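Descriptive analysis of the structure
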Amino acid sequence: MKVLLAVLKQIYKPALCTGNPRCLSSGATSGLLPLGDEAPMVGSSPELVQKLRSQVEVRTDFITEAEEAAFLRELDPGLKKKRYEFDHWDDAIHGYRETERLRWGAACEEILNRVRSTAFPECSQLLGPVHVIDLDKTGYIKPHIDSVKFCGSTIAGLSLLSDSIMRLVKEDTPSEWLDLLLSRRSLYILRDQARYKFTHEILKNEESVFNGQRVPRQRRISVICRNLPG
Ligand code: OGA
Ligand code: MN
């Protein structure tokens with residue numbers, strides 16, 4: 001257990017992110033273009049949104065309230081025994097506790113199999129343990145790129161208990177960015193360039209605004225499946 005958690009810690013590789021990638025005040029000239037009815041994404045330009053469309057997915061209401069409750073029943077007792085960590089300034093995450101889990105009860109296993117078959121090709125070798133991050137209401141995840149040493153081309157995450165904003169920023173061109181509205185019970189999938197060339201982060205409550213609309217942050221639990229490097 002200890003060793004695996006140590007490995008997962010190395011997933012976090014903070015990357016430099018300069019400048020404010022989004023402009024809240026202007027309308028038509030801001031480039032904040034909603035992608036369409038289904039995809040809760042806005043980005044720095046329509047071209048970028050279009051380009052990333054195949055590499056970034058957000059599936060709203062991927063799980064039901066009952067399925068969310070099943071995860072809570074399974075995860076909450078263990079999480080509650082840990083304390084939220086706030087004071088590691090060099091950490092990529094602030095205000096969190098985490099765990100990873102290899103074996104799940106039947107209800108959760110079934111949901112996770114749905115996540116796996118949705119996000120990964122059948123032949124894909126997955127990272128055994130599923131990673132769980134419990135972010136306090138005041139917690140957030142700073143911009144980083146997951147370690148290429150430990151994880152492959154695809155990251156798939158369920159969001160429980162709270163809506164949140166995930167921001168992607170191109171590592172070498174910070175003016176190129178994409179905001180995803182991760183609604184409670186949604187599934188997001190990052191693939192390929194979106195995973196390797198863009199940092200991702202979860203915005204703190206004070207900055208949690210999507211396309212001009214406030215998205216209040218509550219405690220948020222994410223359940224993340226990854227594949228192994230190819
Ligand atoms: C991570 C990460 C996002 C999330 O753990 O590397 O980016 O949804 N998590 O919790
Ligand atoms: Mn990450």
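Our structure's up above, just so we're on the same page.
No experiment lies behind these values; they were computed from the predicted model shown.

1. What to know about the site of ligand 1
- Near ligand 1 you find 13 residues, and of these Tyr188, His200, Arg220, Ser222 and Arg226 are the closest.
- Its free accessible area being 290 Å², ligand 1 has 99% of it covered by the protein chains.
- Residue assignment for the shell around ligand 1 shows that the elements contributing at least two residues are β4 (130-144) and β12 (220-226).
- Across the shell around ligand 1, the residue classes tally to six nonpolar, four polar and three charged.

2. Points about the pattern of salt bridges
- Summed over all chains, the structure comprises 15 salt bridges.
- The partner of arginine 185 in a salt bridge is glutamate 65, with the nearest N and O atoms 3.9 Å apart. Taken together, the residues arginine 185 in the loop between β7 (173-182) and β8 (187-191) and glutamate 65 in helix α3 (residues 65-80) connect sequence positions 120 residues apart.
- In this structure arginine 185 comes out as buried when scored by relative accessible area, which is 14%.
- Under the relative-accessibility criterion, glutamate 65 is labelled exposed at 57%.
- One network of salt bridges, with partners in common, ties together Asp76, Lys80, Arg97, Asp134 and Arg219.

3. Digging into the environment of isoleucine 133
- Mapped onto the elements, isoleucine 133 comes out in strand β4.
- On the accessibility criterion, isoleucine 133 (3% relative accessible area) is buried.
- Through-space distance from the C-alpha of isoleucine 133 to that of tyrosine 96 is 6.8 Å; in sequence the pair is 37 residues apart.

4. Digging into the coordination of the manganese ion (ligand 2)
- Distances from the manganese ion (ligand 2) to its protein donors, namely His144 (NE2), Asp146 (OD) and His200 (NE2), fall within the range 2.1 Å.
- As a motif over one chain, the donors of the manganese ion (ligand 2) read H-x1-D-x53-H. With aspartate 146 in the loop between β4 and β5 (154-160) and histidine 200 in strand β9 (residues 198-202), the pair connects residues that are 54 residues apart, well separated along the chain.
- Among the residues examined, aspartate 146 registers a relative accessible area of 1% and is labelled buried.

5. So, helix α4 (residues 106-119)
- With 14 residues, α4 ought to run about 20 Å at 1.5 Å a step, and its terminal C-alpha atoms sit 20 Å apart, in line with that.
- Buried residues of α4: Cys108, Ile111, Leu112, Val115, Arg116 and Ala119, and no others. The buried residues of α4 occupy an angular sector of 145° when the element is viewed end-on, so they sit on one face. Relative to its buried face, α4 has exposed residues pointing more than 90 degrees away, namely Ala106, Glu110 and Ser117.

6. Concerning the packing of aromatic side chains
- Enumeration over the complete set of coordinates arrives at two aromatic pairs.
- Where phenylalanine 71 meets tryptophan 104, the ring centres are 5.6 Å apart and the plane angle is 80°; that geometry is what we call edge-to-face. You can see phenylalanine 71 sitting in helix α3 and its partner tryptophan 104 sitting in the loop between β3 (93-101) and α4, a full 33 residues away along the chain.
- A relative accessible area of 0% places phenylalanine 71 in the buried class.
- Tryptophan 104 sits in the buried class, given a relative accessible area of 10%.
- Sitting over the face of the ring of tyrosine 84, arginine 97 holds its NZ or CZ atom 4.0 Å from the ring centroid.
- Here the guanidinium or amino end of lysine 204 rests over the ring plane of tyrosine 140, the centre of that ring lying 4.5 Å away.

The rules behind these values
Residues numbered from 1 in each chain as written. Chains lettered and ligands numbered in written order. Predicted model: local features only at pLDDT ≥ 70, side-chain atom pairs only at ≥ 80, totals over all residues. Heavy atoms only, no water. Near = heavy atom within 4 Å. Areas by Shrake-Rupley, 256 points an atom, 1.4 Å probe, with all protein chains shown as cover. Helix = DSSP H or I, 4+ residues; strand = E, 2+ residues; numbered from the N terminus. Nonpolar A, V, L, I, M, F, W, Y, C, P; charged D, E, K, R; others polar. Salt bridge = Lys/Arg side-chain N within 4 Å of Asp/Glu carboxyl O. Buried < 20%, exposed > 50% of the residue type's maximum accessible area, 1.4 Å probe, protein only. Donors = N, O, S within 2.8 Å, 3.2 Å for Na, K, Ca; no water. Expected span 1.5 Å × (residues − 1). Arc of directions from axis to C-beta. Phe/Tyr/Trp six-rings, centres within 6.5 Å; stacked < 30°, edge-to-face > 60°. Lys NZ or Arg CZ within 6 Å of the ring centre and 35° of its normal.

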